[in-house]
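Next come the chains, spelled out residue by residue.
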Amino acid sequence: MIPNQWYAILESDQIRRGRLTGVTRMGEKLVAWRDGAGTAHIMGDRCPHRGAAFSAGKLTGECVQCPFHGFEFDPRGACTLIPANGRAATPPKAMRAQAYETREAHGLVYIWWGEPRASYPPLPFFDNLPDRLAYVTFRDPWPVHYSRAIENQLDVLHLPFVHHNTIGAGGQTVVHGPVVCERELAPGSWLLEAWLDNELDHGQVARKPSEMPAPTGRPLIQFHYPNVWQLWLGDDVRVFVAFAPVDDANTLVYARQYHSFTIPGLRQVADLFSLFSTFIILRQDKDVVITQRPIRSDLKMDEILVPGDLPIILYRKRRQALMQ
Ligand code: FES
Ligand SMILES: [Fe+2]
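Residues numbered from 1 in each chain as written. Chains lettered and ligands numbered in written order. Predicted model: local features only at pLDDT ≥ 70, side-chain atom pairs only at ≥ 80, totals over all residues. Heavy atoms only, no water.

**Student:** I'd like a description of helix α1 (residues 146-154), backed by residues and values.
**Tutor:** Residue pairs spaced three or four apart in an α-helix point in one direction, given the helix's 3.6 residues per turn. Of all nine residues in α1, nine are buried, a share of seventy percent or more. Regarding α1, the residues found buried are Tyr146, Ser147, Arg148, Ala149, Ile150, Glu151, Asn152, Gln153 and Leu154. (Buried < 20%, exposed > 50% of the residue type's maximum accessible area, 1.4 Å probe, protein only. Helix = DSSP H or I, 4+ residues; strand = E, 2+ residues; numbered from the N terminus.)

**Student:** I'd love a proper account of the packing of α1 against helix α3 (residues 266-289), names of residues and values included.
**Tutor:** Direction vectors running N to C along α1 and α3 enclose 125°, while the axes themselves pass 11 Å from each other. The angle between α1 and α3 falls in the class oblique. The two elements α1 and α3 cross, and the hand of that crossing is right-handed. In this structure, α1 uses Arg148, Asn152 and Gln153 to contact α3, whose residues at the interface are Leu282, Asp285 and Val289. Taken together, the residues of the contact of α1 with α3 sort by class into two nonpolar, two polar and two charged. (Axes fitted to C-alpha atoms, helices over the stretch in contact; angles between N-to-C directions. Parallel < 35°, antiparallel > 145°, perpendicular 65-115°, else oblique. Left-handed = near helix turned anticlockwise from the far one by under 90°. Contact = heavy atoms within 4.5 Å. Nonpolar A, V, L, I, M, F, W, Y, C, P; charged D, E, K, R; others polar.)

**Student:** How would you summarise the state of the cysteines if you had to cite specific residues and measurements?
**Tutor:** Under the defined criterion, the tally for this structure stands at zero disulfides. Just so you know, Cys63 is unpaired, no disulfide at all, and the nearest cysteine sulfur is the one on Cys79, 8.8 Å from it. Looking at Cys63, the relative accessible area reads 12%, which means it is buried. No disulfide involves Cys79; its nearest neighbouring cysteine sulfur is the one of Cys47, lying 7.7 Å away. Of the residues examined, Cys79 reaches a relative accessible area of 10% and is grouped as buried. (Disulfide = S-S within 2.5 Å.)

**Student:** Summarise the packing of aromatic side chains; cite the residues concerned and give the values.
**Tutor:** As enumerated under the stated definition, the model contains 15 aromatic pairs in all. Ring centres of Trp6 and Tyr120 lie 5.4 Å apart, and the angle between their planes is 50°; on these two criteria the pair is classed as tilted. Of this pair, Trp6 sits in strand β1 (residues 5-11) while Tyr120 sits in the loop between β11 (108-113) and β12 (134-142); the two residues are 114 residues apart in sequence, bridging distant segments of the chain. The class of Trp6 is buried, set by a relative accessible area of 2%. Judged by centre distance (5.5 Å) and plane angle (15°), the rings of Tyr100 and Trp113 are stacked. Here the residue Tyr100 occupies a position in strand β9 (residues 99-100), and Trp113 occupies one in strand β11, the gap between them amounting to 13 residues. Put simply, the rings of Phe125, Phe126, Tyr135, Phe240 and Tyr258 pair up and form one aromatic cluster. In this structure, Arg256 is placed above the aromatic ring of Tyr135, and the distance from its NZ or CZ to the ring centre is 3.9 Å. A cation over an aromatic ring shows up here: Arg318 above the ring of Trp190, its NZ or CZ 3.5 Å from the ring centre. (Phe/Tyr/Trp six-rings, centres within 6.5 Å; stacked < 30°, edge-to-face > 60°. Lys NZ or Arg CZ within 6 Å of the ring centre and 35° of its normal.)

**Student:** Lay out unusual backbone geometry with the relevant residues and their values.
**Tutor:** The residue after Gly177, namely Pro178, is reached through a cis peptide bond having omega 0°. Tracing the backbone through its elements, the reader meets Pro178 in the loop between β13 (174-175) and β14 (179-186). Residue Pro226 is reached from Tyr225 by a cis peptide bond, and omega for that bond is 0°. Considering the arrangement of structural elements, one finds Pro226 in the loop between β17 (221-224) and β18 (228-234). The backbone phi angle of Asn4 is positive, close to 55°, even though this residue is not glycine. Along the chain, Asn4 falls in the segment before β1. Residue classification places Asn4 among the partly exposed positions, given a relative accessible area of 27%. One non-glycine residue, His106, lies in positive phi territory at about 55°.

Pasting the structure below:
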């Protein structure tokens, strides 16, 4: 994983008030809950006393109580009670659980993966994706490292093949460019944008990225490191994906279709249609991505890329740079 980044790892409705939820993300067992005010918290799902899972315990007020010996920990990971020592005793400072900085926005829960800071960069999302739009989410586990799942959404060559009978119908196999820009929105917070120009092959040679004119209009694809992506289909129509790293071999794909049909009844119809189309298209992607070997990508690896792979090349370079 790229360190020192906010990762979208859950949707808000996966964390309930008054209940401990155990999940695996970022290669770790985590426990998530909401306090009385509704604020989401996430800690490592391991008691520092003797390693029992907090998620099998319970909430006592604002604290998590371990199921084994009843030690209690506040949302910052500090131990507030060791019953065996007596309520009057002060727990040692070293008795700490691993707490993660947690934020919530746009129906997503983010954790900070890295060193604690005095101030944090903004949460990765898209300024141009308004909260007034409705959405429905399709959640799908992919047995691949998240880098492979992300690269699939930056892959501009696959449409006429993988999606030959859906969004890639028409056989526009020639890919000019593509034009790709990178912007650093805040220190360490990067956005990648791509504009596409596909054509039927009528004997022309695809223009290289360096031969393309400067981009105009909205980018079709935006990727905000480390793990959220957007496809711009219209002012009120977007596809959004958060790639939640589960571990080095698994990713939870949260794919949303945003639309503007907010009136009850109409909304249900739009949601159903969106769910169905997301399911079909993502299944086409997944069927081929799970065959890629190795299951994670790296900057230096045994693959021979072509000019149209520019978004993937830039992703790998930026990822490598951020990891260092
Ligand atoms: S293992 Fe958690 S209190 Fe002992
Ligand atoms: Fe695809």
